[in-house]
Amino acid sequence: MSEVFNFCAGPAMLPTPVMAKAQQEFINWQDTGSSVMELSHRSGIYITMAEKAEADLRALMSIPDNYKVLFCHGGGRGQFSAVPLNLLPQGKSADYIVSGSWSKAAVAEANNFGEINVININQDTDKSSSLLDSSEWPLDPEAAYVHYCPNETVNGLEISNIPDTNGVPLVADMSSNILSHEIDVSKFGLIYAGAQKNIGPSGLTIVIVREDLLGQAQIATPCIMNYKTAADNDSMYNTPPTYAWYLAGLVFQWLTELGGVKAIAKVNKAKAELLYQAIDGSDLYMNHIETEFRSKMNIPFWLKDESLNDKFLSESEAVGLTALKGHRIVGGMRASIYNAMPLEGVQALVDFMEQFEKRNR
Ligand SMILES: *Cc1c(COP(=O)(O)O)cnc(C)c1O
């Protein structure tokens, strides 16, 4: 089988060196004679690994000491419930910024747990897609928190400036852009991310939460969703997703050796520029999102002649460029180019797109 570049939005490709290391250690991890996934999460050797993974993530993101890092179950959607359960006390409301399909889904779930104030910031016209600048969001100064999704995986919209919420805790769903560029964690009350896009395999969710926000969960909060319970038990109140945690640790090591988030951000910028230039410079492809709000992780594009869609997909697949089909609600194509996607993968895609356009003029 020749080399494949997998553009899947999630679960997404993992760095090749990480997969090779996992394979090498699969049956016999650190001379235990067992696989990581066969060991107790309470064993010393596992705990040492788990603590190192957390320490590496803290270093990568410069997470301040007054934040807890939790390794949870339940994916991004699990946090759609956990956030209001933990942070929305009775009698308060929360502001939810809607910029695309994931932030909308977060609202639908949060509505089950309290009063949600929806702020739609999409500013679409016939020709272009953009978002209301965060300085103009009509925020409630009394809100318990403000929730937003800085990278809309389906729509390809990104909010790159961190909104100023005037002291109201800011909660971000970073499932598809965590670790993709440097951020100041101290500007957030809580950050969460399902692992399967930029961190590791599915089944693990990272939560980074400021300590003063713990301990106000609604009474009905299941204990496995309670941040305080998780924090008090080092994310081992119940059995954590042990293998996913281990693989995430390998990804953190890989990223550290590459030079950290600053270094990968440069590569991510170069990859996105290459692909957007190819789209904008062609007569066949288009992306109508305003430059400022274009995602660097998920790049949707549409063929002006939609009758070529199936051909584009089957021919790209045949040369090892896989999973380019756009999300069903937006159609067209989508290239997800997370940290693990090398520049060569994007170059291969751009070359294919140019040739395909020439062949179909
Ligand atoms: C993928 C994704 C989710 C959902 O993640 P699950 O782990 O499938 O629940 C939520 N938010 C964003 C931004 C995503 O990209």
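Residues numbered from 1 in each chain as written. Predicted model: local features only at pLDDT ≥ 70, side-chain atom pairs only at ≥ 80, totals over all residues. Heavy atoms only, no water.

## Some words on helix 4 (residues 101-110)
Residues of helix 4 that are buried: S101, S103, A105, A106, V107 and A110. Tucked into the core, helix 4 has its buried residues touching helix 3 (75-87), strand 3 (93-98), strand 4 (115-120), strand 5 (146-148) and strand 6 (151-152). (Buried < 20%, exposed > 50% of the residue type's maximum accessible area, 1.4 Å probe, protein only. Helix = DSSP H or I, 4+ residues; strand = E, 2+ residues; numbered from the N terminus. Contact = heavy atoms within 4.5 Å.)

## Some details on a negative patch on the surface
A surface patch of like charges, here negative, comprises D133, E136, E290 and E292. Along the chain, E136 turns up in the loop between strand 4 and strand 5. (Patch = residues over 30% accessible without salt bridge, like charges linked within 9 Å, V, L, I, M, F, W, Y side chains within 5 Å. Areas by Shrake-Rupley, 256 points an atom, 1.4 Å probe, with all protein chains shown as cover. Salt bridge = Lys/Arg side-chain N within 4 Å of Asp/Glu carboxyl O. Lys, Arg positive; Asp, Glu negative; His and termini not counted. Charge placed at Lys NZ, Arg CZ, Asp CG, Glu CD.)

## Thoughts on unusual backbone geometry
Following G10, the chain continues to P11 via a peptide bond in cis, the omega torsion being -10°. The topology assignment puts P11 in the loop between strand 1 (5-6) and helix 1 (16-25). One non-glycine residue, S62, adopts positive backbone phi at about 50°. Phi at N166 is positive, roughly 55°, even though this residue is not glycine. Within the fold, N166 resides in the loop between strand 7 (157-158) and strand 8 (170-173). By relative accessible area, which is 73% here, N166 ends up exposed.

## Considerations on the domain arrangement of the chain
Once the domains are mapped, the chain shows domain 1 (17-257) and domain 2 (260-359). The centre of domain 1, based on its C-alpha atoms, is set 26 Å off from the matching centre of domain 2. Between domain 1 and domain 2, the contact holds 27 residues from the first and 24 residues from the second. Carbon and sulfur atoms supply 56% of the area buried between domain 1 and domain 2, which totals about 2200 Å² over both sides. Between the two partners, domain 1 and domain 2, sit 0 salt bridges. Mapped by element, the contributors of at least two residues to the side of domain 1 that touches domain 2 are strand 7 and helix 6 (242-258). Per element, the largest residue contribution to the side of domain 1 that touches domain 2 is 3 residues, and it comes from helix 6. Considering only residue class, the side of domain 1 that touches domain 2 consists of 7 nonpolar, 15 polar and 5 charged. (Domains from an automatic or database assignment. Buried area = accessible area lost by both parts, 1.4 Å probe. Nonpolar A, V, L, I, M, F, W, Y, C, P; charged D, E, K, R; others polar.)

## Brief notes about the site of the ligand
R77, T153, D173, Q196 and K197 are the nearest of the 13 residues found near the ligand. The backbone of G76 places a nitrogen or oxygen atom 3.0 Å from an oxygen atom of the ligand. A distance of 2.6 Å separates a nitrogen atom of the ligand from a polar atom in the side chain of D173. In isolation the ligand exposes 390 Å². Once the protein is present, 87% of that is buried. At 4 residues, the largest contribution of residues to the shell around the ligand is made by helix 3. Its residues assigned to classes, the shell around the ligand comprises 3 nonpolar, 7 polar and 3 charged. (Near = heavy atom within 4 Å. Polar contact = N/O pair within 3.5 Å; in protein donor to acceptor, adjacent residues only side chain to side chain.)

## A closer look at empty space enclosed by the protein
Under the defined criterion, the tally for this structure stands at 3 cavities of 30 Å³ or more. The calculated volume of the largest cavity comes to roughly 120 Å³. For the largest cavity, the lining is made up of 13 residues, of which F71, I224, A230, S235 and N238 are closest to its centre. Of all the elements in the fold, those that place two or more residues in the lining of the largest cavity are strand 2 (67-72) and helix 5 (227-232). Counted as a void, the second largest cavity has a volume near 60 Å³. The wall of the second largest cavity is formed by Y148, P150, I159, S160, I162, M174, N177, H181, I183 and F188. For the lining of the second largest cavity, the per-class residue count stands at 7 nonpolar, 3 polar and no charged. (1 Å grid on protein atoms, 1.4 Å probe; cavity = no way out; pocket = protein on both sides within 12 Å on 5 of 7 lines; lining within 4 Å. Points joined across faces, edges and corners; volume = space filled by probe spheres on them.)

## Describing the sheet that holds strand 14 (residues 333-336)
One open sheet accounts for 3 strands, arranged 11-12-14; its pairing is antiparallel. This sheet does not close on itself; its edge strands, each paired only once, are strand 11 (285-286) and strand 14. With 2 bridges joining them, strand 11 and strand 12 (residues 298-303) adopt antiparallel strand pairing. Directly across from M286, in strand 12, lies its bridge partner W302. (Pairing = 2+ DSSP bridges.)

## Points about the environment of S134
Note that S134 resides in the loop between strand 4 and strand 5. Between the C-alpha atom of S134 and that of G331, which follows or precedes it by 197 residues, the distance is 28 Å.

## Quick word on the packing of helix 6 against helix 7 (residues 260-280)
The geometry of helix 6 relative to helix 7 is characterised by a closest axis approach of 7 Å and an angle of 80° between their N-to-C directions. Classed by the angle they form, the pair helix 6 and helix 7 counts as roughly perpendicular. Contacts between helix 6 and helix 7 involve W254, L255, T256 and L258 on the former and, on the latter, G260, A263 and I264. Taken together, the residues that form the contact of helix 6 with helix 7 break down as 5 nonpolar, 2 polar and no charged. (Axes fitted to C-alpha atoms, helices over the stretch in contact; angles between N-to-C directions. Parallel < 35°, antiparallel > 145°, perpendicular 65-115°, else oblique.)

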